[in-house]
Amino acid sequence: MSPWSFAPAHLGLCAIAILAFLRLLSATSLAQAAPGGQGPIPQLSDPGPALAGSEGITLQDAVQRALTSYPTVRIALEKTLSARANVGLMRTQYLPQANVLWQTNRSTYNNIAGLVIPQGVVPSLSGPVLADTSGTSVWGSAGGLLINWEPTRFGYRKEEVDAAKAGASAADERVALTKLDVANAAASAYLTVAAVHEQVRSAQADLSRRQTFASTIHALVDNQLRPGADASEADAEVAAARTRLIQAETLERVDLAALAELLVVPSSQIHLSSDAFLTTPAAESLPSFVATSHPMALEGNHLLEQSKAEERVWSRAYTPRLALEGSIAGRGSGVKPNGTLLEGTNGLAPDRDNWAIGVQATFAPFDYFSIREQKKIAASNERAQQLNNQNTIQTLNTQVEQARAQLDGAMQIARNTPVQLTAARMGESQAGARYQAGLANIVEATQAQALLQQAEAQDALARIGVWQALLGVYVAQGDITPFLNRVPNLTTGGH
């Protein structure tokens, strides 16, 4: 008989078995692929073009740039892709398994009666026990195909797929949370740079006023209308004002570098204007807040669904495993059952074939104890996630309440600082006039200048502070898009 010379009836039965497997596979794939679509897989966006050095960048531009370039967003997207792939991995459990084997060896053929406990060291040997032992070797070969398919796991695989789906949905919400954090960081850094830039402006204006005042004092001293100590005092105030300007400019460069890190561009390419934030936003009613719609709450709900599905997985783990199996196999040997050796290449290829179709059931009764403990673990995880969700809702509501209180306080301060600034300007003007008229000393004049510089800085910071507080409200509510829509889209000016 030539190698692999199957009888026609054998081939027909094997073909029927394989076709039956493929038909069941097709039906199962359609049944599982139709429901529960996960939606489009998010793709990684390429970083935006480099910011032109001659153009100003708006806050909206900064946020968009950070969302497309900052590494944490891209990391979160990769984790989402991983979670989506895990759903597909769980679905592959519905597919049959097919294993193909081919083996050729040269070995002795001595066999002995007796039992060997299953192990992975001593190779198995088939055939009768021969009367004598021999060191002669012969060719041996084996080949075959085994198909194994479990048509049902009594809901076990479905629960694993549901758990993977919930994990993928939680990963989607984690992406949304990451984007919210990055957008908040970029917008906050932008507003911080704008605020420090206003401090630089205030320090420059203060230095200019003190230099002008010092020139006036030096002229009076030169004409012996004021003592020389006044000139020294004025020079000291100019030096102190210059120091404050240097400190403000240094802080501006530091904050600009922090913004550049979020935008993944050199700080030399960033040019922004703070003028858009010197006008406080109109008092509008804020949208109502529903904590359950926050990405953090949604992520917690998906994690809870995942915990419930994992508990159901273990509830269905203690069931028998049924498998349909089909096999085509062949063996070849260079020795006959009576110990006669075959010459040449006999045994290099299979010359005896077998086929088989059957059903196999397995059950591990003592797995009950480990499965019971796994169910306890899953139930505890589910209860912990429920408590975590309740705490998340309370935390979100508290954060929104605090952010709205901060916004209310910021708006009250912004309404008060113009009064302070007007009074400081009038006081500085009157103190300068009184000094030149000899009705006030230099201390009163320099104090009035210091109060004016402080009032100018506080007024600018108060106006920008309203925008910062407004940003905090929308971040606490989980969506800064309405905030971006309220920010004037201006690029003129800058630094």
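Let me sum up the structure you'll find in this document. Computed from a predicted model, the values in this text were never measured in an experiment. (Residues numbered from 1 in each chain as written. Predicted model: local features only at pLDDT ≥ 70, side-chain atom pairs only at ≥ 80, totals over all residues. Heavy atoms only, no water.)

Considering the sheet that holds strand β3 (residues 321-333)
Strand order in the open sheet formed by four strands is β1-β2-β3-β4, with antiparallel pairing between adjacent strands. A strand with exactly one partner marks an edge of an open sheet, and here the two such strands are β1 (97-107) and β4 (352-362). Ignoring strand direction, the axes of neighbouring strands in this sheet form an average angle of 15°. Taken together, the 11 bridges between β3 and β4 define a ladder with antiparallel strand orientation. Directly across from L322, in β4, lies its bridge partner A361. (Pairing = 2+ DSSP bridges. Helix = DSSP H or I, 4+ residues; strand = E, 2+ residues; numbered from the N terminus. Axes fitted to C-alpha atoms, helices over the stretch in contact; angles between N-to-C directions.)

What about the pairing of β3?
When strand β2 (residues 138-149) meets β3, the two strands line up antiparallel, connected through 10 bridges. Residue pairing for β3: G140 is matched across the bridge by S333.

A few points about the nonpolar core
Judged by nonpolar contacts, the single largest core of 55 residues is most densely connected at L59, I270, F277 and F483. Sequence-distant contacts of F483, defined by excluding residues within four places in its chain, comprise L59, L191, W467, L470, L471 and Y474. Core analysis: the next-biggest nonpolar cluster, separate from the first, contains 17 residues, A203, L220, V221 and I442 among them. (Core = buried A, V, L, I, M, F, W, Y, C linked by side-chain atoms within 4.5 Å. Buried < 20%, exposed > 50% of the residue type's maximum accessible area, 1.4 Å probe, protein only. Contact = heavy atoms within 4.5 Å.)

As for the packing of helix α6 (residues 295-315) against helix α7 (residues 367-436)
Relative orientation of the contacting elements α6 and α7 amounts to 165°, with a least axis distance of 9 Å. Taken together, the axis directions place α6 and α7 in an arrangement best described as roughly antiparallel. Where α6 crosses over α7, the two elements pack in a sense that is left-handed. (Parallel < 35°, antiparallel > 145°, perpendicular 65-115°, else oblique. Left-handed = near helix turned anticlockwise from the far one by under 90°.)

Focus: the packing of helix α2 (residues 59-69) against helix α3 (residues 71-91)
For the pair α2 and α3, interaxial distance at closest approach is 5 Å and the crossing angle is 45°. What the angle tells us is that α2 and α3 run oblique. In this structure, α2 contributes A66, L67, T68 and S69 to the contact, and α3 contributes P71, V73 and R74. Taken together, the residues that form the contact of α2 with α3 break down as four nonpolar, two polar and one charged. (Nonpolar A, V, L, I, M, F, W, Y, C, P; charged D, E, K, R; others polar.)

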